[in-house]
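# Fold and contact review
The lines below spell out each chain.
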Amino acid sequence: MQALRLILADQLSPAITSLDEIDREKDIVLMCEVMEEATYVKHHPKKIAFLFSAMRHFAAGLRRQGITVHYVKLDDSANTGGLDGEIKRAVAELNPEKLLLTEPGEYRVLAMMKQWQQALGIPVQIRADTRFLASHEEFAVWARGKAQLRMEFFYSEMRKKYGILMDAPGKPTGGEWNYDKENRKPPKTGLASPKRISHKKSTITNEVLALVQDRFSHHFGTLKPFHYAVTRDEALMELEHFIHQLLPNFGDYQDAMVAGEPYLYHSLLSSYLNAGLLLPLEMCRMAEAAYHAGKAPINAVEGFIRQILGWREYIRGIYWHFMPEYGERNALQATRPLPEFYWTTQTVMFCVAEAIRHTRDHAYSHHIQRLMITGNFALLAGLDVKQVQKWYLEVYSDAYEWVEMPNTLGMALYGDGGLIASKPYAASGKYIHRMSNYCAKCSYDPDIMTGERACPFNALYWDFLVRNEDQFRRNQRMPYVFSTWDKFAPEKQLAIRQQAQIHLQKMAEGSL
Ligand SMILES: Cc1cc2nc3c(=O)[nH]c(=O)nc-3n(C[C@H](O)[C@H](O)[C@H](O)COP(=O)(O)OP(=O)(O)OC[C@H]3O[C@@H](n4cnc5c(N)ncnc54)[C@H](O)[C@@H]3O)c2cc1C
Ligand code: SF4
């Protein structure tokens, strides 16, 4: 045999570089389901089932093309349970001349891969992951010498590079780079999620569901019902359904939250994109084509493209540019233990319980729930940044450290000291009340600051700002916040801060 080519669970793309110039006669592709990767954090059962099923379907697709695949199932008796062990076992058994890899999505795995050449005694080539639209080098060149690494500037460079939504060089379609101000509509009465497509479960998926039920049912989250696409064809059906049926309203309701409606007009495509079943550029091009065909308005199309071409690439750039030091940051010294309700949903706060229920049932909650409900609460309460990151990595089917960490540590928790967010995404109950119908179903009242029925987000919001005053008082994007606080009478300030302590005490006792 000539080359052993490794494909990881999030590398399920025919265009993955580890498959470049494959020799179908001599080369072998290695894929393995390993316990260590499924449990180093206890991933949601839906995520494990999605990935194992998608891997098995991907392997079957390669075999149909005449490629030899050495596939190790989780329950194979000789499975060592770890990636490291499986590589060593495969090399010993198959005796390849070299090992070809595509760089992984986690620093931890890259560090492991870098040991392999020495440990295996054969050449190991780690290739770039060209599915992403900005390389590490391009990001480093963009970041060099800049005092602030703001996403907006990175994003406009990406629009120019790919000529997406551009009327002419330097001229964004419609005259603006960003239409976000049109994308903050509160939910109108009766707003509901349109029906989603579902996929017939194959024999492979049913086998995987039985395996996951058997081995991972103690992890947080429900396995069934299971509606995920598990092949590229199915993921493409999801993409087309989104572009034709949902994209027109995506922008308008991007920030809205409705009780009992986990999806609204969000695409639900992140799991497919992150695993490689879909590619970022094809998603952006399809959205752009919908705009040019008059099928979707500019605010929706630009908003969707910005998430993928802008945010997603920028977040990945930040991760690789600043790791491993980035992962140790805790700028606000947030160390309070994660309360039990993040696992049980047992909290009186309806908004928090609802976001966690969606997460438990679907391995999904949408961006504003992640950022402004569970993330905002963690920020205001000063929850331990590592525990919060671990929670986000465990509970979402689209979670991989390269994308989870900067979103959680940087965007939601301001734990990177403002590298990503120019001001903290901190909000009181007023914001949640405006953007959702949650408060009407809650025992707390978003208009009350102190007392039994006071919404915890209110006093915690002020307490957070005052607690971290040295970081934020001079922040130019928060001009009115501290002047409002300063106008409160000293007795009011004291009452708010005491109320915050009561909330934190109740949180520790499990009664918030
Ligand atoms: C605290 C926190 C943790 C998060 N963890 C993850 C994670 O582990 N994995 C993940 O893919 N996203 C993560 N996000 C980003 C975002 O919330 C999800 O990508 C999005 O909710 C996925 O749902 P969707 O496919 O319906 O997205 P849509 O709202 O339909 O957006 C379209 C696509 O844009 C991309 N996108 C949007 N926002 C971001 C972003 N901030 N960073 C990267 N890509 C983005 C996604 O690929 C998404 O599929 C996190 C956000 C926060 C605030
Ligand atoms: S009142 Fe406060 S805790 Fe209750 S749903 Fe509204 S914002 Fe959330």
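The rules behind the values
Residues numbered from 1 in each chain as written. Chains lettered and ligands numbered in written order. Predicted model: local features only at pLDDT ≥ 70, side-chain atom pairs only at ≥ 80, totals over all residues. Helix = DSSP H or I, 4+ residues; strand = E, 2+ residues; numbered from the N terminus. Rg over C-alpha atoms; globule rule 2.2 N^0.38 Å. Buried ≥ 20, exposed ≤ 12 C-beta atoms within 10 Å, placed from the backbone. Near = placed C-beta within 6 Å. Nonpolar A, V, L, I, M, F, W, Y, C, P; charged D, E, K, R; others polar. Domains from an automatic or database assignment. Contact = placed C-beta atoms within 7 Å. Pairing = 2+ DSSP bridges. Axes fitted to C-alpha atoms, helices over the stretch in contact; angles between N-to-C directions. Core = buried A, V, L, I, M, F, W, Y, C linked by C-beta atoms within 7 Å. Left-handed = near helix turned anticlockwise from the far one by under 90°. Expected span 1.5 Å × (residues − 1). Parallel < 35°, antiparallel > 145°, perpendicular 65-115°, else oblique.

Looking now at the overall build of the protein chain. Of regular secondary structure, the protein chain possesses 22 helices and seven strands. Its C-alpha atoms give the protein chain a radius of gyration of 24 Å, within 12% of the compact-globule value 24 Å for 512 residues. Projecting the C-alpha coordinates of the protein chain onto the three principal axes gives extents of approximately 80 × 55 × 45 Å. Residues classed as buried in the protein chain amount to 45% of the 512 residues present.

The subject of this paragraph is the site of ligand 1. Taken together, 28 residues form the shell around ligand 1, and within it H266, S267, S270, Q307 and E404 come nearest. Elements supplying a minimum of two residues to the shell around ligand 1: α10 (270-275), α12 (298-322), α15 (367-381) and α17 (401-412). Among the residues making up the shell around ligand 1, the classes are represented as 14 nonpolar, 10 polar and four charged. Among the domains, domain 2 (136-197 + 224-322) and domain 3 (341-509) are the pair contributing at least three residues each to the shell around ligand 1.

Further remarks concern the domain arrangement of the protein chain. Per the domain assignment, the segments of the protein chain are domain 1 (3-127), domain 2 (136-197 + 224-322) and domain 3 (341-509). Taken together, the contact pairs 20 residues of domain 2 with 26 residues of domain 3. Of all the secondary-structure elements, those providing two or more residues to the side of domain 2 that touches domain 3 are α10 and α12. If you tally residues by element for the side of domain 2 that touches domain 3, the top one is α12, at four residues. Grouping the constituent residues of the side of domain 2 that touches domain 3 by class yields 13 nonpolar, four polar and three charged.

A separate point is the sheet that holds strand β1 (residues 3-6). Spatial ordering of the open sheet is given by β3-β2-β1-β4-β5, a layout of five strands whose pairing is parallel. Unpaired on one side and paired on the other, β3 (68-72) and β5 (124-127) mark the two borders of the sheet. Direction aside, the axes of adjacent strands within the sheet are offset by 25° on average. Where strand β4 (residues 98-102) meets β5, four bridges bridge the pair, whose relative direction is parallel. Bridging across to β5, T102 finds its partner in R127. In the packing of helix α2 (residues 45-64) onto the sheet, the strands contacted are β2 (28-32) and β3, and the crossing angle to β3 comes to about 160°. Sitting on the sheet, helix α3 (residues 83-94) touches β1, β2, β3 and β4, and the angle it makes with β2 is about 150°.

All right, on to the nonpolar core then. Judged by nonpolar contacts, the single largest core of 139 residues is most densely connected at A54, L247, A287, V301, I305, L380 and L413. Not counting residues up to four positions away in its chain, the partners in contact with L413 are A334, G375, A378, L379, V385, V388 and T408.

Each neighbour pair has its own omega, and for K224 with P225 the value is 0°, a cis peptide bond. Secondary-structure assignment places P225 in the loop between α8 (203-216) and α9 (232-250). At the junction of M323 and P324, the peptide bond is cis and its omega measures out at 5° in the coordinates. Among the structural elements, P324 can be located in the loop between α12 and α13 (341-344). Its identity as a non-glycine residue notwithstanding, L165 has a phi of 50°, on the positive side. Turning to its location among the elements, L165 is positioned in the loop between α7 (151-162) and β6 (166-168). One non-glycine residue, L264, adopts positive backbone phi at about 45°.

Take the packing of α2 against α8 next. Running from N to C, α2 and α8 cross one another at 145°; their axes reach a closest spacing of 9 Å. In terms of crossing hand, the pair formed by α2 and α8 is right-handed. Note on element contacts: α8 touches α2 through I204, T205, V208, L209, V212 and F216, opposite P45, I48, A49, F52, S53, R56 and H57. Classifying every residue of the contact of α2 with α8 by side-chain character gives nine nonpolar, three polar and one charged.

Around ligand 2, the surrounding shell holds 15 residues, and the nearest of these are M349, C351, C439, C442 and C455. Secondary structure elements with two or more residues in the shell around ligand 2: α14 (350-362), α18 (429-435) and α19 (456-467). Examining the composition of the shell around ligand 2, we find that three residues originate from one element, α18, more than from any other. Looking at side-chain class alone, the shell around ligand 2 contains 12 nonpolar, two polar and one charged residues.

What follows concerns the pairing of β4. The buried fraction of β4 amounts to four of the five residues, a majority that puts the element mostly inside the structure. Alignment of β1 against β4, held across three bridges, turns out to be parallel. Among the inter-strand pairings, R5 is bridged to a residue of β4, identified as L100.

Let's shift gears to α2. Compared with the 28 Å implied by 1.5 Å per residue over 20 residues, the 29 Å span of α2 between its first and last C-alpha is a close match. Counted residue by residue, α2 has 15 buried out of 20 residues, so it is predominantly covered.

Turning our attention to the pairing of β1. For a regular strand, side chains alternate in direction, first toward one face of the sheet and then toward the other. Both faces of β1 are covered, namely the face carrying A3 and R5 and the face carrying L4 and L6. Relative to β2, β1 runs parallel, the two sharing three bridges. Opposite L6, over in β2, you have L30 as the bridge partner.

A separate point is the packing of α7 against α12. Where α7 meets α12, the axes come as close as 9 Å, and the angle between the chain directions of the two elements is 120°. Considering their axes alone, α7 and α12 lie oblique with respect to each other. The chirality of how α7 crosses α12 is right-handed. Mapping the contact onto sequence places M151, F154, Y155, M158, R159 and Y162 in α7 and R306, L309, G310, W311, E313 and Y314 in α12. Looking at side-chain class alone, the contact of α7 with α12 contains eight nonpolar, one polar and three charged residues.

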